[in-house]
Amino acid sequence: KGLEDTIWTQIEAIVGTDADVEVELYHYRGRIQRNEYDGVLPRFGGISEEGSSVTLSAILCRVWWTQTILGKRPKDVFVVKSMFVDPQFMGGSYGSPPKDFAEVQNPVLLLESTE
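Residues numbered from 1 in each chain as written. Predicted model: local features only at pLDDT ≥ 70, side-chain atom pairs only at ≥ 80, totals over all residues. Heavy atoms only, no water.

1. Considerations on the overall build of the protein chain
Phase 1 of the analysis: Of the regular secondary structure elements, the protein chain holds three helices and four strands.
Phase 2 of the analysis: Each helix (α) and strand (β) of the protein chain, taken in turn from the N terminus, gives the series α-β-β-β-β-α-α.
Phase 3 of the analysis: For the C-alpha atoms alone, the extent of the protein chain along its principal axes is close to 55 × 30 × 25 Å.
Phase 4 of the analysis: Put simply, the protein chain has 115 residues, and 34% of those count as buried.
Phase 5 of the analysis: Considering only residue pairs separated by 6 or more positions, the protein chain has 65% of its internal contacts joining residues 24 or more positions apart. (Helix = DSSP H or I, 4+ residues; strand = E, 2+ residues; numbered from the N terminus. Buried < 20%, exposed > 50% of the residue type's maximum accessible area, 1.4 Å probe, protein only. Contact = heavy atoms within 4.5 Å.)

This is the structure:
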């Protein structure tokens, strides 16, 4: 429950409390080679360095909503947010994200979003 409350707080900070949103939650599990990321690895649950590779576990949240700007046509927009989570706390609650996520195609983006 605490994880989903944190996610909803972040969503409301982006779109407000009055927006009609569609939320998709996924559990990303993947691995990159350590030399793919030049920065210092964050000290979060969900990131573990094992020799020359780094294992990543994160919740990916894609939020869709209709943005209305005064004097302009409404448009559908989305944002993807991520949060590293120790995989032992995830169980089978969320499925794997679709391949169209930039973060799935290039997992280094997950680490760069913490900088």
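Having seen it, we continue.
2. With respect to the side chain of Ser 53
Phase 1 of the analysis: Here Ser 53 shows up in strand S3 (residues 53–67).
Phase 2 of the analysis: One polar contact links Ser 53 to Arg 31, side chain to side chain, over a distance of 3.1 Å.
Phase 3 of the analysis: If we skip the residues at most four places from it in the chain, Ser 53 touches Arg 31, Ile 32, Gln 33, Arg 34 and Ser 48. (Polar contact = N/O pair within 3.5 Å; in protein donor to acceptor, adjacent residues only side chain to side chain.)

3. Points about the packing of aromatic side chains
Phase 1 of the analysis: Per the counting criterion, the structure on display carries three aromatic pairs.
Phase 2 of the analysis: Centre to centre, the rings of Phe 44 and Phe 84 are 6.2 Å apart; their planes meet at 20°, and the pair counts as stacked. Of this pair, Phe 44 sits in the loop between strand S1 (21–33) and strand S2 (47–50) while Phe 84 sits in strand S4 (residues 75–84), and the two are 40 residues apart along the sequence.
Phase 3 of the analysis: According to the relative accessible area criterion, Phe 44 is partly exposed, its value standing at 43%. (Phe/Tyr/Trp six-rings, centres within 6.5 Å; stacked < 30°, edge-to-face > 60°.)

Coordinates in, geometry out; function isn't part of it.
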